[in-house]
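# Commentary on secondary and tertiary structure
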Amino acid sequence: MKFLIATEKPFAPAAVKQIREIIENAGHETVLLERYTDKNELLHAASTADAIIVRSDVIDKEVLDTAGNLKIVVRAGAGYDNVDLHAATANNICVMNTPGQNSNAVAELVFGMLLYLARCSFDGSTGSELKGKRLGLHAFGYIGKQVAKIANGFGMEVLAYSPSLALNPEKGKAFNVTAVQSPGELYEKSEIISLHMPANDQTRGSIDYDLLSKLPQKGIVINTARKEVVNEADMLRIMEERPGFKYATDIKPVNHDKMARKFGNRYLASAKKCGAQTSEANVNAGLAAAEQIVKFFADGDETFRVNPIK
């Protein structure tokens, strides 16, 4: 089988070496497409691939329709909104992610951003401590659980909401987390919110004025999920109304220039999505992707499948 590693933003060389070893030791062929600048390069490489490993690369209907031999796509990371799941299912292609492999990297970034905002971008002015603050986790998957562990070390009070946690609040106790029953309750009871949900039809734009206004005047929102989950107009409005409100996001929003100009050190955005951009996470996610595809071809293992079967 031909495994295509298609990464406009490449894996670290050490990760590529180990990914190749996993693939080739299992008797498969590796094709590497890195730093490509033209979609036609991806289309050409995908046309003969049996499997594709990507990071943030967009695998849309055109790519999937072109790839006549393709059986599986694995997104090396937790989110998978860069892959057209509907088109994949229509073409009998399995799509997987690698949940948990980037969790610690993203969780550490949450606290890097949070400390930056809480301490006024280290400009010498008086900030605030995290100890004793109420942190609300909006979603409680792999990353949320890791954030909770770190927050416990800071002496924070941690609350969390997810539909599954609301149904079984006992699951939060192992992480010293108090489960709440709705997003509204989470925002009403928290001083800081950390977002960890995927971008989908239910979540896009869901962090709106109604929710944000439930936070205190000096509330903080940290977004290491996807920019699409935040209603940008509503975030702009709440920050205009509340001079102490702060927002950090792990990718520039559409209105980044306006927010940076208006809000100064109350606002922080990474130049590119960097939650998983550590050498450790880079290796972990890539190796997991390769191992999952090898198992898929060896025995049909679809443990991490994220799209429905046709």
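Look a little higher up for the structure.
Okay, so let's go over this structure. (Residues numbered from 1 in each chain as written. Predicted model: local features only at pLDDT ≥ 70, side-chain atom pairs only at ≥ 80, totals over all residues. Heavy atoms only, no water.)

### Quick notes on the overall build of the protein
- Each helix and strand in the protein was counted, giving twelve helices and twelve strands.
- Its C-alpha atoms give the protein a radius of gyration of 20 Å, within 12% of the compact-globule value 19 Å for 310 residues.
- Its C-alpha atoms put the protein at 60 × 45 × 35 Å along the principal axes.
- Across the 310 residues that make up the protein, the buried fraction comes to 50%.
- Expressed as a percentage of contacts within the protein between residues at least 6 apart in sequence, the contacts between residues at least 24 apart total 63%.
- Accessible surface, the protein as shown: approximately 14000 Å² in total, 50% of it carbon and sulfur.
- Here the protein contributes 37 positive and 37 negative side-chain charges, whose respective centroids are spaced 5 Å apart. (Helix = DSSP H or I, 4+ residues; strand = E, 2+ residues; numbered from the N terminus. Rg over C-alpha atoms; globule rule 2.2 N^0.38 Å. Buried < 20%, exposed > 50% of the residue type's maximum accessible area, 1.4 Å probe, protein only. Contact = heavy atoms within 4.5 Å. Areas by Shrake-Rupley, 256 points an atom, 1.4 Å probe, with all protein chains shown as cover. Lys, Arg positive; Asp, Glu negative; His and termini not counted. Charge placed at Lys NZ, Arg CZ, Asp CG, Glu CD.)

### Brief notes about the pairing of strand β5 (residues 94–97)
- Across the two faces of β5 the burial is the same, with C94 and M96 and V95 and N97 all buried.
- Judged from the four bridges that link them, strand β4 (residues 72–75) and β5 form a sheet pairing that is parallel. Paired with R75 across the strands is N97, a residue of β5.
- In the classification by handedness, the crossover that spans β4, the intervening helix α4 (residues 85–90) and the parallel β5 is right-handed. (Pairing = 2+ DSSP bridges. Right-handed = clockwise from strand over helix to strand, strands pointing away.)

### Comments concerning the nonpolar core
- Membership of the largest hydrophobic core comes to 30 residues, with the highest contact counts inside it found for L195, I207, V221, M235 and M239.
- Every residue in contact with M235, bar those within four places of it in the chain, is listed here: L212, V221, V230, F245, Y247 and M259. (Core = buried A, V, L, I, M, F, W, Y, C linked by side-chain atoms within 4.5 Å.)

### With respect to the side chain of R75
- Mapped onto the fold, R75 is located in strand β4.
- Buried charged residue R75 carries no salt bridge. Nearest counter-charge: D81, at 6.1 Å.
- Those residues in contact with R75, other than ones at most four positions away along the chain, are V54, R55, S56, Y80, N82, M96, N97, T98 and R226. (Salt bridge = Lys/Arg side-chain N within 4 Å of Asp/Glu carboxyl O.)

### Brief notes about the sheet that holds strand β3 (residues 51–54)
- On the basis of which strands lie adjacent, the open sheet formed by five strands has the order β2-β1-β3-β4-β5 and parallel pairing. Whereas interior strands pair on both sides, the edge strands pair on one side only; in this sheet they are β2 (29–34) and β5. Within this sheet the neighbouring strands show an average axis-to-axis angle of 15°, counted without direction.
- Judged from the four bridges that link them, β3 and β4 form a sheet pairing that is parallel. The residue bridging I52 from the neighbouring strand is V73, located in β4.
- Relative to the sheet, helix α1 (residues 13–25) contacts β1 (2–7), β2 and β3, its axis offset from that of β2 by approximately 150°. (Axes fitted to C-alpha atoms, helices over the stretch in contact; angles between N-to-C directions.)

### Focus on the packing of aromatic side chains
- Tallying each qualifying case throughout the model produces six aromatic pairs.
- Seen from their ring centres, F111 and F154 are 5.1 Å apart, and the 5° between their planes marks the pair as stacked. With F111 in helix α5 (residues 103–118) and F154 in helix α6 (residues 142–154), the pair connects residues that are 43 residues apart, well separated along the chain.
- Exposure remark for F154: the relative accessible area of 31% places this residue in the partly exposed category.
- Aromatic ring contacts, followed pair by pair, group F3, F296 and F297 into a single cluster.
- Directly above the aromatic system of Y209 lies the positively charged group of R237, at a separation of 3.5 Å from the ring centroid. (Phe/Tyr/Trp six-rings, centres within 6.5 Å; stacked < 30°, edge-to-face > 60°. Lys NZ or Arg CZ within 6 Å of the ring centre and 35° of its normal.)

### Description of the sheet that holds strand β6 (residues 134–138)
- If you walk across this open sheet you meet the seven strands as β8-β7-β6-β9-β10-β11-β12, and the pairing is parallel. Two strands lie at the open edges of the sheet, namely β8 (177–179) and β12 (267–269), each paired on one side alone. Averaged over all adjacent pairs, the angle separating strand axes in this sheet is 20°, with direction ignored.
- Of the strands in this sheet, β11 (246–249) and β12 touch helix α11 (residues 256–263), which is tilted by about 145° from β12.

### Brief notes about the pairing of β4
- Burial of β4 is two-sided: the residues I72 and V74 facing one way and the residues V73 and R75 facing the other way are all buried.
- Once you follow β3 into helix α3 (residues 61–66) and on to β4, the crossover reads as right-handed.

### Things to note about α6
- Taking 1.5 Å of rise per residue, 13 residues should cover 18 Å, and α6 covers 19 Å from first to last C-alpha, within 8% of that figure.
- Of all the residues in α6, the buried ones are I143, G144, V147, A148 and A151. Seen end-on, α6 carries its buried residues on one side only, within an arc spanning 140°. Turned more than 90 degrees away from the buried face of α6, the exposed residues are Y142 and G153.
- On its buried face, α6 is in contact with α5, β6, β7 (157–161) and β8.
- Directly after α6, the chain includes G155, whose backbone phi takes a positive value near 75°. (Expected span 1.5 Å × (residues − 1). Arc of directions from axis to C-beta.)

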